[in-house]
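Examining the three-dimensional arrangement
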Amino acid sequence: MKNNTPILEVKNLQVSINTNEILKDLNLTINKGEIHAIMGPNGSGKSTFSKILTGHPAYKILNGDIIYKGNSIVNLETEQRALLGIFLAFQYPIEIPGVSNEDFLRLAYNAKQKFNNKAEVDPLEFLGIINEKLELVEMSPVFLSRNVNEGFSGGEKKRNEILQMILLDAELCILDETDSGLDIDALRIISKAINAFMNKEKSIILITHYQRLLDYVKPNFVHVMQNGKIIKTGTFELAKELELKGYEWLK
């Protein structure tokens, strides 16, 4: 990818689910090294947008294109998009009974290694890699032996999502309300890990309702979504304005 090629271009995107149009002529351009926050009232299409970017099969693209690193990805499966470097941290991470966190993370890591024509690692080698990443999200190695997200608190589930993002070294990271349900300490830990992970080669989309995450992870741009499209774009100052005024003044 040339340096001046955006990492993501969303062009005139129209999307429906069960004949109900959710996204309407949505446009967004993100360059490497940028953090974009997407805010908006419930039902505005924010979470739908995150699912579309990662290829959720329930949604139908009626019009428009999604271009990642110069190539259209609308016909790619979710797994292919993940291998290319797109990562989604879920708003509600699911539990996977019977699968240890360590096995899950190692298999995901090795899938990426294989895709990039790199050597896969054995369990012992993987422990050396993952223990270093655990420190970034302040998680105990004990979590590796537990089943994926099973019995985890809300904050632990969210930290586990960020751990996956760091381990897979994702290039375009979509964090869907990662801050929801977090206490101040968990928010601080997660924000610190996101900031340590971010560099000029990566881009992050933060989907959030609240300014408090943006106080820790400063966005370059803030977008407001309503009725399936971006109706206003600004800087961090826009997030502060929304905190004071809500969304009604934008109508």
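Criteria and thresholds
- Along each chain, residue indices are assigned from 1 in the same order as the chain's sequence is written.
- In keeping with the predicted nature of the model, local features appear solely for residues at pLDDT of at least 70, side-chain atom pairs appear and are counted solely at 80 or more, and the whole-chain, interface and lining totals rest on all residues.
- Where side-chain values are given, they derive from all heavy atoms of the structure, hydrogens and water being excluded.
- Buried Ala, Val, Leu, Ile, Met, Phe, Trp, Tyr and Cys residues that are joined via side-chain atoms within 4.5 Å together make up what is termed a nonpolar core.
- Summary of the burial criterion: residues with accessible area below 20% of their type's maximum are buried, those above 50% are exposed, and those between are partly exposed, where the area comes from a 1.4 Å probe applied to protein chains only.
- UniProt positions are given in the numbering used here, feature names are shortened, and annotations may be inferred rather than shown by experiment.
- Secondary structure counts use DSSP, requiring at least four H or I residues in a row for a helix and at least two E residues in a row for a strand, with both numbered from the N terminus.
- Contacts: residue pairs with any heavy atoms within 4.5 Å of one another.
- DSSP calls a pair of strands paired once it identifies at least 2 bridges connecting them.
- Lines fitted to C-alpha atoms define the axes, with helix axes restricted to the stretch in contact, and inter-axis angles between N-to-C directions lie between 0 and 180 degrees.

**Notes on the nonpolar core**
Counting residues in hydrophobic clusters, the biggest one holds 46 residues, and the most contacted among them are Ile162, Met165, Leu175 and Leu206. Counting 25 residues, the second-largest nonpolar core is a separate cluster that includes Ile22, Leu53, Ile66 and Ile205.

**Notes on the UniProt feature "domain: ABC transporter" (unreviewed entry) in the protein**
Using the residue numbers shown here, the UniProt feature "domain: ABC transporter" (unreviewed entry) corresponds to residues 8–250. For residues 8–250, the end-to-end C-alpha separation is 26 Å, with 38% helix and 29% strand making up the annotated structure.

**Remarks on the side chain of Glu9**
If you trace the backbone, Glu9 turns up in strand 1 (residues 8–17). If we ignore the near neighbours within four places in the chain, the residues touching Glu9 are Leu28, Thr29, Asp65, Ile66 and Ile67.

**Some remarks on the sheet that holds strand 11 (residues 221–226)**
Strand order in the open sheet made by the six strands is 6-9-10-3-11-12, with mixed pairing throughout. Of all strands in the sheet, those with a lone pairing partner are strand 6 (86–89) and strand 12 (229–234), marking the two edges. Here the average twist between neighbouring strands, direction ignored, is 20°. Packing against the sheet, helix 6 (residues 154–168) makes contact with strand 6 and strand 9 (172–176), and its axis sits at approximately 170° to strand 6.

**What about the sheet that holds strand 1?**
Pairing in this open sheet of four strands is antiparallel, and the strands run 2-1-4-5 from one edge to the other. A single partner strand is all that each edge strand has here, and the edge strands are strand 2 (20–30) and strand 5 (71–72). Relative to strand 2, strand 1 runs antiparallel, the two sharing seven bridges. Note on strand 2: the bridge partner recorded for Ile17 is Asn20. With respect to the sheet, helix 1 (residues 46–53) is in contact with strand 1, strand 2 and strand 4 (60–68), its orientation differing from that of strand 2 by roughly 70°.

**Let's talk about the environment of Glu243**
Within the secondary structure layout, Glu243 lies in helix 9 (residues 236–245). Sequence-wise, Glu243 and Glu171 are 72 residues apart; in three dimensions their C-alpha atoms are separated by 29 Å. Apart from the residues within four sequence positions on either side, Glu243 is in contact with Tyr210 and Gln211.

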